[in-house]
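Inside the fold
As a plain string of letters, each chain reads:
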Amino acid sequence: MVTSLYLQAVLQMRQAKGQQRYSDAKFSGGVRQLSGKHWITPEIRNKAKALVAQMTLEEKVGQMSQFDWGFHAINPDAGGEINNLMRLLIDRGWVGSLFNLSGAEEANELQRKVIENSRLRIPMITGRDVIHGYRSVFPIPLAMSSSWNPGLIEQTAAAASREAASDGIHWVFAPMIDITRDPRWGRIAESMGEDPYLGGVMADAWVRGAQLDRWSDDRRSVAGCPKHYAGYGFAEAGRDYNTVDVSDRVLREVILPPFRRAVEAGALGIMASFNELNGIPACANKYLLTTILREEWGFEGIVVSDYNALAELLVHGIAKDPKEAAELAIKAGTDMDMHSGFYFRYLPELVAEGRVDERLVDQAVERILAVKFKLGLFDNPYVDLSLKSRVILSEEHVGLARQAARESIVLLKNENGILPLSKNIRKLALIGPMMKNRRDPLGCWAPDGKEDDVVSLYDGILAKLSADQVLYAEGCGILDRSREKFDEALEAVEQADAAVIAVGESIELSGEGNSRAELDLPGEQRALVEAAVRTGKPVIVVLMSGRPLAVGWLDEQAAAILHAWHLGIQSGRAIADVLFGDNGPSGRLTVTFPRSVGQIPIYYYRKNTGRPPGGNYTSRYVDMPTKPLYPFGYGLSYTTFAYRNLKLDRTGMRLSDALTATVEVTNTGSVAGEEVVQLYVRDVAASVTQPLKRLKGFAKIRLEPGETKAVSFRITADDLAIIGASGEWAAEPGAFRLMIGPNSEEGLEADFILEE
Ligand code: BGC
């Protein structure tokens, strides 16, 4: 027990230190203060309490246990002990939650069994990873965040929940709101990029959409589960699951804001991550799960561990045995144990020995039951089997998938306005391994997506052109090491007026566990593009990947580059819409594209240092620029925009005032287009060094050719708040600079003073 006592002491010291130094108490960080609204009403809380009072300890710890049903359905002989435990809990009606069921029929069947076997007729809550759509697969979240359109995020989250609910799912393990600055990390695909403010806006929209299904005809709501709390995106070297060691300042300023907004939006669940955070794995981290989440933010929902993460407490080297892992996790604030079975096996003993106070168990069960009451599961535990045929892949959802895909596309380069292409083009060569690909556009973590539902880019283009206008040849596979199919593809390029080459990453190169050390195009794809460029024909590259790629060579060689990520079922239609100008590109990057892996981590939210990049003995590289390939916020249109007349309604602002900054944006080109107007602020001299820019507002506007719109942003002290030397979030009086522009590197600037 020496180790455990020591760890407890360290934990307590850390918490005391954390509490003393930093607090979110006064923070509204550019967002509303915690509303104080109780998502779990006193009435629900009382019902849950009354039920807990009637439960045996076994019944309680059963509620705190969640199992991966699907894994055992597919591998009935695997994981013997855990499989037996799961089945025992189902047979007794004790199981709190199952996930990965095969659909509505199975969900009803298992639910019936659980309720009928349960002495108190307690339903289970079923979960699934519904990350970017259910059967109607939307773009990967990193792509969707590039839309800078929270309304669209809300709608896609709602559509995904609606489909999932119609197939018997009550709890979606989404949104994934890990901020990350490392494109080597495969799960960047599931994230909403590098910025805490934008991540917060998207988290808010996603939770509201996923949980509040206004359009559903069965009125069933679904719980969300923002994840992975916290710090998972800061894995060292971009290697998934790796150590995370960040200051409390970075934790609170950069990593936590999206989670805080998700809680404020009423998230009913939170998933504690796999990683350690400053020495304590998240599931055992009381500072994260109790001090911040419950005490500072007032979170009322369920904290569930990530998959088998309690068992990983032993591997991390923080628990000497499974029993201690269960003890650490419950004492930290983990309510539900995903798939290790440790809670069920060890909590009763821990309670009997006096190591765990039964009141902690009661509290966790109360929260779990409260969410079940909130979702209406006691009154309405079964799903109407006729629902899914009306909901899944409905016309509305497919239309939304096309819109979401279109708005996710980012135009990175467009030399001499080669795009949009004319539909009257004589011959267009269509080449590359992503051209006819219907599998990889589904993206990572789309377990319910079907290749057959995907429109390939080839089919999307053929819906715009006639068959005799195109010449197709694959050229090479994604990972191929052979160039034997190059000749056929190059011949097609030679015969055409221009070529569209679709290249990128397969699903397996991004997502969980799939970190990369190199960020160029895999296989022979680079050689294929370079050979096509050497023909002298204009080459338009469509990049489809789950992450930013470091492709400076491509920027030098291609005539045009469209970043099309992994866009989901309507991928081909959406890309063709943009290629031929039926819709202009309007996406803007939410993550910085590096020139080289050696620049990582690279992000716009950087500080000046004492020696900003310049000549000798400055913060630079001798062999490469410090600037990224494409900055955060960047993206082109088919038209051009001019920013003029930035005006502030005052140059001095008091803490209690608001300041309005207005800029005029004009469409100076000849076609209509959408622009994302971005506001950044800088505290010029603060008690703690500050980033040169922090995003604090944005507006997506549409302008007809020649049209001008005035765009205004209201700035309050909340937007200027930082964690200063005092450790509190507060705006510090003094000089500020703001910038409004089309991306994080360009814009008009203005200064003002914040007075006491
Ligand atoms: C992932 C989570 C996911 C869980 C359940 C884990 O491996 O990290 O994001 O929700 O599995 O499938």
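Let me sum up the structure you'll find in this document. Throughout, residues of each chain are indexed from 1 in the direction in which the sequence is written. In keeping with the model being predicted, local features are shown solely for residues with a pLDDT of at least 70 and side-chain atom pairs are shown and tallied solely at 80 or more, while totals for entire chains, interfaces and linings include all residues. As a convention, hydrogens and water are excluded, and side-chain values are obtained from all of the structure's heavy atoms.

Moving on: the overall build of the chain. When helices and strands are tallied, the chain shows 24 helices and 25 strands. C-alpha atoms define the radius of gyration in this analysis, and the globule rule sets the expected value at 2.2 Å times the number of residues to the power 0.38. Expected size for 756 residues packed as a compact globule is a radius of gyration near 27 Å; at 26 Å, the chain falls within 12% of this value. Relative accessibility decides the category of a residue: with a 1.4 Å probe and only protein chains considered, values under 20% of the type maximum give buried, values over 50% give exposed, and everything between is partly exposed. Expressed as a percentage of its 756 residues, the buried residues of the chain come to 63%. In this analysis, two residues are considered to be in contact whenever any of their non-hydrogen atoms come within 4.5 Å of each other. Restricting the contact set of the chain to residue pairs at least 6 apart, pairs at least 24 apart contribute 79%. Computed by Shrake-Rupley with a 1.4 Å probe, the accessible areas treat only the displayed protein chains as cover when residues are assessed. As displayed, the chain has an accessible area near 27000 Å², and 48% of this comes from carbon and sulfur atoms. Under the convention used here, Asp and Glu are negative, Lys and Arg are positive, and both His and the chain ends fall outside the count. By convention, the point assigned to a charge is CZ for Arg, NZ for Lys, CD for Glu and CG for Asp. The chain carries 85 positive and 99 negative side-chain charges, and their two centres are separated by 3 Å. The helix and strand labels rest on DSSP assignments: H or I over at least four residues marks a helix, E over at least two residues marks a strand, and numbering proceeds from the N terminus.

Turning to the sheet that holds strand β20 (residues 694-703), a few remarks are in order. Strand order in the open sheet formed by five strands is β17-β25-β24-β19-β20, with mixed pairing between adjacent strands. Looking at strand neighbours, the two that pair on one side only are β17 (652-654) and β20, the edges of this open sheet. Geometrically, the sheet is characterised by an average inter-axis angle of 30° between neighbouring strands, direction not taken into account. Think of it this way: DSSP has to see at least two bridges between two strands before they count as a pair. Note on method: axes are straight lines fitted to C-alpha atoms, helices fitted across the in-contact stretch only, with angles between N-to-C directions ranging 0 to 180 degrees.

Let us look at the pattern of salt bridges. Oppositely charged side chains can form a pair if their charged atoms are brought close together. One speaks of a salt bridge when a side-chain nitrogen belonging to Lys or Arg is within 4 Å of a carboxyl oxygen belonging to Asp or Glu. On inspection of all chains with the given rule, the structure shows 52 salt bridges. Close ionic contact of glutamate 524 with arginine 483 constitutes a salt bridge, the shortest N to O distance being 2.5 Å. Residue glutamate 524 is found in the loop between β13 (498-504) and α21 (525-534), and its partner arginine 483 is found in the loop between β12 (470-473) and α20 (486-495); the two are separated by 41 residues along the sequence. A relative accessible area of 9% means that glutamate 524 is categorised as buried. Salt-bridge contacts for arginine 516 lead to glutamate 505; the nearest nitrogen and oxygen are separated by 2.7 Å.

Another aspect to go through is the packing of helix α9 (residues 196-211) against helix α11 (residues 257-264). Where α9 contacts α11, the axes come no closer than 8 Å and their chain directions differ by 25°. Relative to α11, α9 is oriented roughly parallel. The handedness of the crossing between α9 and α11 is right-handed. Seen from α9, the contacting residues are Pro196, Gly199, Gly200, Val201, Ala203, Asp204 and Val207; seen from α11, they are Pro257, Pro258, Arg261 and Ala262. Should an angle fall under 35 degrees it is taken as roughly parallel, and over 145 as roughly antiparallel, whereas 65 to 115 is taken as roughly perpendicular and any remaining angle as oblique. Two helices cross in a left-handed way if the nearer one is turned anticlockwise from the farther one by less than a right angle. They cross in a right-handed way if the turn is clockwise.

On to the site of the ligand. A cutoff of 4 Å decides nearness: a residue is near a molecule or strand if any of its heavy atoms lies inside that distance of it. Taken together, 13 residues are adjacent to the ligand, and Asp129, Arg187, Lys227, His228 and Asp306 come closest. Here histidine 228 contributes a side-chain N or O atom positioned 2.7 Å from an oxygen atom of the ligand. About the coverage of the ligand: the protein hides 94% of its 310 Å² of free accessible area. Between N or O atoms, a polar contact is any pair within 3.5 Å; within protein, one atom must be a potential hydrogen donor and the other a potential acceptor, and residues adjacent in sequence are included only when both atoms are from side chains.

As a further point, take the packing of aromatic side chains. Aromatic pairs are defined between Phe, Tyr and Trp rings, using the six-membered ring for Trp, whenever the two ring centres lie within 6.5 Å; interplanar angles under 30 degrees are classed as stacked, those over 60 as edge-to-face, and all others as tilted. Summed over all chains, the structure comprises 23 aromatic pairs. Aromatic side chains tryptophan 94 and phenylalanine 344 sit 5.9 Å apart centroid to centroid with 35° between the ring planes, which places their arrangement in the tilted category. On the criterion of sequence distance, the pair formed by tryptophan 94 in the loop between α5 (80-92) and β2 (97-99) and phenylalanine 344 in helix α15 (residues 342-352) is long-range, its members being 250 residues apart. Phenylalanine 344 sits in the buried class, given a relative accessible area of 11%. Ring geometry for tryptophan 185 and tyrosine 232: centres 5.1 Å apart, planes at 90°, overall edge-to-face. Of this pair, tryptophan 185 sits in the loop between β4 (171-172) and α9 while tyrosine 232 sits in the loop between α9 and α10 (248-255), and the two are 47 residues apart along the sequence.

For the rest of this paragraph, the subject is the pairing of strand β15 (residues 560-563). By the alternation rule, side chains of β15 split into Ala560 and Leu562 and Ile561 and His563, which are all buried. With four bridges joining them, strand β10 (residues 410-414) and β15 adopt antiparallel strand pairing. Across the sheet, residue asparagine 414 finds its bridge partner in β15, namely alanine 560. Sheet analysis places strand β14 (residues 539-544) next to β15, joined by four bridges and oriented parallel. Along β15, the bridge assignment pairs leucine 543 with histidine 563. When the strands point away from the viewer and the connection leading from the first strand across the helix to the second strand turns clockwise, the crossover is called right-handed. Note that the unit made of β14, helix α22 (residues 552-557) and β15 has a crossover that is right-handed.

Right, let's talk about the side chain of aspartate 195 for a bit. Here aspartate 195 shows up in the loop between β4 and α9. It turns out aspartate 195 is buried and unbridged, and the closest side chain with the opposite charge, lysine 696, is 7.4 Å from it. Here tyrosine 197 takes part through its backbone nitrogen, which lies 3.1 Å from a polar atom of the side chain of aspartate 195. The contacts of aspartate 195, once residues within four sequence positions are left out, are Ile179, Tyr604, Tyr605, Phe632 and Leu695.

Once that is clear, we can look at the sheet that holds strand β1 (residues 65-68). Taking strand neighbours across the sheet as the criterion, the five strands line up as β4-β3-β2-β1-β9 in an open arrangement whose pairing is parallel. A strand with exactly one partner marks an edge of an open sheet, and here the two such strands are β4 and β9 (337-338). Of the strand pairs in this sheet, strand β3 (residues 125-128) and β4 are connected by two bridges, and their pairing is parallel. Within β4, the residue paired with arginine 128 across the bridge is valine 172.

Two joining distances apply to patches: 9 Å for like charges and 5 Å for nonpolar side chains (Val, Leu, Ile, Met, Phe, Trp, Tyr), and every residue must have over 30% relative accessible area and no salt bridge. A grouping of Asp487, Glu488, Glu491 and Glu494 is seen on the molecular surface, where their side chains present a negatively charged patch. Within the element layout of this structure, glutamate 488 appears in helix α20.

Running from N to C, helix α14 (residues 322-332) and α15 point in directions that differ by 85°, and their axes come no closer than 9 Å. Overall, the two elements α14 and α15 adopt an arrangement that is roughly perpendicular. Counting all contacts with α14, which are made through Pro322, Lys323, Ala325, Ala326, Glu327, Ala329 and Ile330, the residues of α15 involved are Phe342, Tyr343, Tyr346, Leu347, Glu349 and Leu350. Under the convention adopted here, Pro, Cys and the residues Ala, Val, Leu, Ile, Met, Phe, Trp and Tyr are nonpolar, Asp, Glu, Lys and Arg are charged, and Gly plus all remaining residues are polar. Its residues placed into classes, the contact of α14 with α15 shows ten nonpolar, no polar and three charged.

Our focus in this paragraph is the nonpolar core. Nonpolar cores are built from buried Ala, Val, Leu, Ile, Met, Phe, Trp, Tyr and Cys residues. Side-chain atoms within 4.5 Å join them into one set. One finds Met64, Leu98, Tyr229, Ile461, Ile575 and Leu579 to be the most contacted residues of the largest nonpolar core, which totals 224 residues. Other than its neighbours up to four places away in sequence, tyrosine 229 contacts Leu256, Phe259, Ile270, Met271, Ala272, Ser273, Ala282, Leu288, Leu289, Ile292, Leu293 and Trp297. In this structure, Val663, Val711, Phe713 and Phe752 belong to the second largest nonpolar core, which totals 26 residues.

Moving on to the pairing of β12. Taken together, the four bridges between strand β11 (residues 428-431) and β12 define a ladder with parallel strand orientation. Residue alanine 429 lies in a different strand from β12, and its bridge partner there is leucine 471. Note that the unit made of β11, helix α19 (residues 457-462) and β12 has a crossover that is right-handed.

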